[in-house]
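Letter by letter, the chains look like this.
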Amino acid sequence: MKSSEAKSAKRLLGSNWRRHVRRKSQKLLAAGNVGWLSSNDPAATPALLGLIQMVERKSWKSSHATAVGSHPDRLAFFQALLRPEQPMRLTLSALTLDGIPIGGSICGAYGGTSFGLVIVFDGRVEQLSPGVVLQLMMVRSAIAEGHGALNLLRGFGYYKQH
């Protein structure tokens, strides 16, 4: 994270939230080699969508209608959003632990706002709080790209309150 991005994040995010994220992130970092793959390149995003779906099959979302792959129409919706001609530019990201995908996110950028569309993580590593790191990376990306807002849409109630 660049110095200017860190200053923006510190100014925007409360100290309680920063402590919470630091504590949870340290737990994940202590578990092994943590990696981050992220792209908004239409040539790379379909592969990242496949990684996100792989993680999704090991999450609580796999048995609910909220999963990207829960219905052919829902999957087709996200695949259509990946097309380069779409006005919303998607960034897909995967979080790895020791080279194995354990989490993923899909964010959209449109009109100077970043939209958190999907966060998913492998339920077997829930105690490591990968969702907190995914959330932090959404915030970081919105700041780095100069977006005026991060809209988390529905869900994320805990983070919206903090």
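No experiment lies behind these values; they were computed from the predicted model shown.

Participant: When you look at the pairing of strand β4 (residues 113-121) in this model, what are you seeing that I'm missing?
Facilitator: Regular strands place their side chains on alternate faces of the sheet. Of all 9 residues in β4, 8 are buried, a share of seventy percent or more. Judged from the 8 bridges that link them, strand β3 (residues 100-110) and β4 form a sheet pairing that is antiparallel. When the sheet's bridge partners are listed, I106 is paired in β4 with V118. A loop of 2 residues connects β3 with β4, the two strands running antiparallel in sequence, and G111 in this loop sits at a positive phi of about 60°. Across 3 bridges, the pairing between β4 and strand β5 (residues 149-151) is parallel. Pairing of S114 across the sheet is with L150, part of β5. In the classification by handedness, the crossover that spans β4, the intervening helix α5 (residues 130-144) and the parallel β5 is right-handed.

Participant: Hey, could you run me through the environment of V21 in this one?
Facilitator: As for its placement among the helices and strands, V21 is situated in helix α2 (residues 15-30). Among the residues examined, V21 registers a relative accessible area of 5% and is labelled buried. In this structure the C-alpha to C-alpha distance between V21 and V133, which are 112 residues apart in sequence, comes to 7.4 Å. The residues contacting V21, other than those within four sequence positions of it, are V132 and L136.

Participant: Explain unusual backbone geometry here, please?
Facilitator: A negative phi angle characterises most non-glycine residues, just as the trans form characterises most peptide bonds. A positive phi angle, near 55°, is found at D98, a position not held by glycine. Relative to the elements of secondary structure, D98 occurs in the loop between β2 (89-97) and β3. If you check the backbone angles, S129 has positive phi at about 55° while not being a glycine.

Participant: Looking at this structure, I do not really get the nonpolar core. What am I missing?
Facilitator: If you look at soluble globular proteins, the nonpolar side chains tend to sit buried side by side. L49, V68, F78, L90, L92 and I106 are the most contacted members of the largest nonpolar core, which has 16 residues in total. For this core, the secondary structure elements donating two or more residues are α3 (45-56), α4 (72-81), β2 and β4. The dominant element in this core, judged by the number of residues it contributes, is α3, at 4 residues. Setting aside chain neighbours within four positions, we find L49 in contact with V68, L75, Q79, L82, L92 and I106. Residues L28, I102, I119 and M138 belong to the second largest nonpolar core, which totals 13 residues.

Participant: Would you mind going over the environment of S105 with me for this structure?
Facilitator: Along the polypeptide, S105 turns up in strand β3. Once the C-alpha coordinates of S105 and L134 are considered, the two residues, 29 residues apart in sequence, prove to be 6.8 Å apart.

Participant: Sorry if this is basic, but what is going on with the sheet that holds β5 here?
Facilitator: Backbone-to-backbone hydrogen bonds join strands into a sheet, with any given pair of strands oriented parallel or antiparallel. The 5 strands lie next to each other as β1-β2-β3-β4-β5, forming an open sheet whose pairing is mixed. Both edges of this open sheet fall to β1 (34-39) and β5, since each of them pairs with a single strand only. The mean angle between the axes of side-by-side strands here comes to 25°, regardless of whether they run parallel or antiparallel. Strands β1, β2, β3, β4 and β5 of the sheet are contacted by α5, whose axis makes an angle of about 160° with β4.

Conventions used here
- Residues numbered from 1 in each chain as written.
- Predicted model: local features only at pLDDT ≥ 70, side-chain atom pairs only at ≥ 80, totals over all residues.
- Heavy atoms only, no water.
- Buried < 20%, exposed > 50% of the residue type's maximum accessible area, 1.4 Å probe, protein only.
- Helix = DSSP H or I, 4+ residues; strand = E, 2+ residues; numbered from the N terminus.
- Pairing = 2+ DSSP bridges.
- Right-handed = clockwise from strand over helix to strand, strands pointing away.
- Contact = heavy atoms within 4.5 Å.
- Core = buried A, V, L, I, M, F, W, Y, C linked by side-chain atoms within 4.5 Å.
- Axes fitted to C-alpha atoms, helices over the stretch in contact; angles between N-to-C directions.

Bear in mind that shape data such as this cannot, by itself, settle questions of function.
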